[in-house]
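Residue-level listing of the chains:
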Amino acid sequence: MVARLVIAAPSSGAGKTTVATGLMAAFAGRGLAVSPHKVGPDYIDPGYHALATGRPGRNLDAYMCGTGQIAPLFLHGARGCDLAVVEGVMGLYDGAADQGELASTAQVAKLLKAPVVLVVDASSQSRSVAALVHGFASWDPEVRIGGVILNKVATDRHEHLLREALGGSGVPVLGVLRRAPAVATPSRHLGLVPVAERQAAAVEAVAAQAEQVLAGCDMEALLALARSAPDMHDDPWEPGVVERLHAGGSVVPALPRASSGGTPVAPAERTPTARPVVAVAGGAAFTFSYAEHTELLRAAGAEVVTFDPLRDESLPEGTSGLVIGGGFPEMYGAELSANEPLRKAVAELAAAGAPIAAECAGLLYLARSLDGRPMCGVLDADARMSERLTLGYRDAVAVSDSVLAPAGARMRGHEFHRTVIEPGAGAQAAWGLRQPERRVEGFVQGGVHASYVHTHWAGSPEAAARFVEHCA
């Protein structure tokens, strides 16, 4: 049994991240091993969760990974922990557009059989809070709302009115939090500023969130609620054993290798010294990644080495493949452009035909320019900041054979950016998208697969196997 809580809210902006991160840090400070999770495709909140718990923040995305993977992925992340805290996304019942409850916090809570704590922004209401909580608690009888935390409460009098209103609701008040500037986290064009960009300030903010939660919440009641969750009978997700040694000393990668046509074939034996080196971009400019991607690459037989394009002037020694995920290159354009030795190394690797998987920020980095500054020049395209936010899930079909997927393969992903690249697709496009409008996007050339679409390889583990096979 894994004790667990889902932290949800009626809408975005109610304080889910503050409460969830504060609870994680507060319970961890009491000596509990806390497993942090986030519903949906968000990359930034899990960075704060990791800071609070000392464990990787993990996402639970039913759209990209499938509903059947939610409980296994949760159990994989929570292995060996005393408690798991899951931060929701948007409002409790909000999910993928036009897909009913799919990918909503409510759906994930039901799949995990987890009690929900509703965080309510009470700053502009008193007695109406009871009607709001009653509506959310009764909307779906399969969602168990075990308590409410009232956030942004102004005064003792205000708290009294709120508690009195909720007295007959059947939903206990498990915490009351006052307005506290110290717990605030700065935001910009894509949400919160990532931990990697404000490490010291982030540590202080998380500590303040923990103090606020400890002062205002009934920690024993919250822990008891988490422990009231029933047993889970799913098996934990397994990325595969990194090395499976035969008696003769040879190694078989745990994931199936994929042929050029996409049909899984039996894994070939590989000696331990033949593990291809896959370089993964990190640092402040490239903070968007899922922990499972690295685990899948290693399981497929790769040696994964992280490097920082802001600091490192060369790729890791022996690099045979490159993964450049999302992040904020637009905030570090001058520094990335100034690192000419690394830009040249990336361009040379691409020219040699090495596998390169680039998503969003990685796409911009591979472009000829970003906001007028020279980038790697791998792609004959130019990128720039835009006023328009592009956001949403994507149902994608591979247009061209690539190092990630054969033509015709389907994957689900997510777009989230305030930049544009021109042209939006190369002579060989990466994906064909069906919503919100039909279009092709991205670039496939040589070993390069570059696109705005973020994917979660736990939903398509064959992508990692295919990528490593091309590296090898």
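Residues numbered from 1 in each chain as written. Predicted model: local features only at pLDDT ≥ 70, side-chain atom pairs only at ≥ 80, totals over all residues. Heavy atoms only, no water.

1. Some thoughts on the overall build of the protein chain
In step 1: Along the protein chain, the regular secondary structure elements total 14 helices and 26 strands.
In step 2: Taken over C-alpha atoms, the radius of gyration comes to 23 Å for the protein chain, in line with the 23 Å a tight globule of 472 residues would show.
In step 3: Here the protein chain holds 472 residues, and 57% of them are scored as buried.
In step 4: When contacts within the protein chain are restricted to residue pairs at least 6 apart in sequence, those whose partners lie at least 24 apart make up 73%.
In step 5: Put simply, the protein chain shows about 18,500 Å² of open surface, and 51% of that area lies on carbon and sulfur atoms. (Helix = DSSP H or I, 4+ residues; strand = E, 2+ residues; numbered from the N terminus. Rg over C-alpha atoms; globule rule 2.2 N^0.38 Å. Buried < 20%, exposed > 50% of the residue type's maximum accessible area, 1.4 Å probe, protein only. Contact = heavy atoms within 4.5 Å. Areas by Shrake-Rupley, 256 points an atom, 1.4 Å probe, with all protein chains shown as cover.)

2. Section: the packing of aromatic side chains
Two measures describe an aromatic ring pair: the distance that separates the ring centres and the angle between the ring planes.
In step 1: A complete count under the given rule lists 7 aromatic pairs for this structure.
In step 2: Residues phenylalanine 286 and tyrosine 365 carry aromatic rings whose centres are separated by 5.6 Å and whose planes lie at 65° to one another, so their mutual orientation is edge-to-face. Note that phenylalanine 286 is positioned in the loop between β14 (277–281) and α10 (291–299) and tyrosine 365 in helix α13 (residues 361–366), a separation of 79 residues in sequence.
In step 3: Judged by relative accessible area, tyrosine 365 falls into the buried class, the value being 1%.
In step 4: Here the aromatic rings of phenylalanine 288 and phenylalanine 328 are separated by 5.4 Å at their centres, their planes lie at 80°, and the arrangement is edge-to-face. (Phe/Tyr/Trp six-rings, centres within 6.5 Å; stacked < 30°, edge-to-face > 60°.)

3. With respect to the sheet that holds strand β7 (residues 173–178)
In step 1: Read across the open sheet, the 7 strands follow the order β3-β2-β4-β1-β5-β6-β7; overall the sheet is parallel. If you trace the sheet from one side to the other, it starts and ends with β3 (58–60) and β7, each paired once. Averaged over all pairs of adjacent strands, the angle between their axes in this sheet comes to 25°, without regard to strand direction.
In step 2: Here 3 bridges tie strand β1 (residues 3–8) to strand β5 (residues 116–121), and the two strands are oriented parallel to one another. Paired with valine 6 across the strands is valine 116, a residue of β5. (Pairing = 2+ DSSP bridges. Axes fitted to C-alpha atoms, helices over the stretch in contact; angles between N-to-C directions.)

4. A closer look at the UniProt feature "active site" (unreviewed entry) in the protein chain
In step 1: Sequence positions flagged by UniProt for "active site" (unreviewed entry) are, in local numbering, Cys360.
In step 2: Inspection of the secondary structure puts cysteine 360 in the loop between β17 (356–359) and α13.
In step 3: In this view, cysteine 360 contacts Phe416, His417, Ser451, Tyr452 and His454; residues no more than four positions away in its chain are not counted. (UniProt positions renumbered as here; feature names shortened; annotations may be inferred.)

5. Some details on the UniProt feature "domain: CobB/CobQ-like glutamine amidotransferase" (unreviewed entry) in the protein chain
In step 1: Taking the UniProt record as the reference, the feature "domain: CobB/CobQ-like glutamine amidotransferase" (unreviewed entry) is found at residues 278–459.
In step 2: Between the C-alpha atoms that bound residues 278–459 there is a distance of 20 Å. The span itself is 18% helix and 37% strand.

6. Considering the state of the cysteines
In step 1: With the rule as written, the count across this model stands at 0 disulfides.
In step 2: Free cysteine cysteine 65: the closest other cysteine sulfur is in cysteine 360, separated by 18 Å.
In step 3: Sulfur of cysteine 81: no disulfide; nearest cysteine sulfur belongs to cysteine 65 and is 19 Å away.
In step 4: Overall, the relative accessible area of 13% leaves cysteine 81 in the buried class. (Disulfide = S-S within 2.5 Å.)

7. Notes on the nonpolar core
In step 1: Phe74, Leu112, Leu150 and Leu297 are the most contacted members of the largest nonpolar core, which has 112 residues in total.
In step 2: The biggest single contributor to this core is helix α1 (residues 16–29), with 7 residues.
In step 3: Setting aside residues no more than four positions away along its own chain, phenylalanine 74 makes contact with Val2, Arg4, His37, Leu60, Ala84, Val86, Leu112 and Met232.
In step 4: Listed in part, the 38 residues of the second largest apolar core include Ile324, Met375, Ile421 and Tyr452. (Core = buried A, V, L, I, M, F, W, Y, C linked by side-chain atoms within 4.5 Å.)

8. Observations concerning the sheet that holds β14
In step 1: Read from one edge of the open sheet, 6 strands run β15-β14-β16-β17-β25-β24, paired in mixed fashion. Two strands in the sheet have a free side with no partner beyond their single neighbour: β15 (303–307) and β24 (443–445). For this sheet the average axis-to-axis angle between neighbouring strands, irrespective of direction, equals 15°.
In step 2: In terms of strand pairing, β24 meets strand β25 (residues 448–451) through 3 bridges, oriented antiparallel. Across the sheet, the residue bridging to glutamine 445 is valine 448, located in β25.
In step 3: Helix-sheet contacts for α10 involve β14, β15 and β16 (319–324), and the interaxial angle to β15 is about 140°.
In step 4: Its contacts with the sheet place helix α14 (residues 462–471) against β14, β16 and β17, and it is angled at close to 145° to β16.

9. Quick notes on the pattern of salt bridges
In step 1: Inspection of the entire model under this criterion finds 21 salt bridges.
In step 2: Between arginine 311 and aspartate 308 there is a salt bridge, with the nearest N and O atoms lying 3.6 Å from each other.
In step 3: Three or more residues joined by partner-sharing salt bridges are found here, namely Asp156, Glu159, Arg163 and Arg178. (Salt bridge = Lys/Arg side-chain N within 4 Å of Asp/Glu carboxyl O.)

10. What to know about the environment of alanine 285
In step 1: By the element assignment, alanine 285 lies in the loop between β14 and α10.
In step 2: Residues alanine 285 and methionine 331, spaced 46 residues apart in sequence, show a C-alpha to C-alpha distance of 7.4 Å.

11. Let's talk about the pairing of β15
In step 1: As defined by bridge partners, β14 adjoins β15 across 5 bridges and the pair is classed as parallel. By the bridge assignment for β15, valine 278 is matched with valine 304.

12. Some thoughts on the layout of surface pockets
In step 1: Reported here for the second largest pocket is a volume of approximately 560 Å³.
In step 2: Forming the walls of the second largest pocket are 26 residues, and the residues nearest its centre are Tyr43, Gly47, Ala50, Thr287 and Ser289.
In step 3: Among the residues forming the lining of the second largest pocket, the class breakdown is 14 nonpolar, 10 polar and 2 charged. (1 Å grid on protein atoms, 1.4 Å probe; cavity = no way out; pocket = protein on both sides within 12 Å on 5 of 7 lines; lining within 4 Å. Points joined across faces, edges and corners; volume = space filled by probe spheres on them. Nonpolar A, V, L, I, M, F, W, Y, C, P; charged D, E, K, R; others polar.)

13. Concerning empty space enclosed by the protein
In step 1: As enumerated under the stated definition, the model contains 4 cavities of 30 Å³ or more in all.
In step 2: Empty space within the largest cavity amounts to approximately 190 Å³.
In step 3: Phe288, Ser289, His293, Val323 and Gly325 are the residues nearest the centre of the largest cavity, which is lined by 19 residues in total.
In step 4: Every element with two or more residues in the lining of the largest cavity is listed here: β14, α10, β16 and β17.

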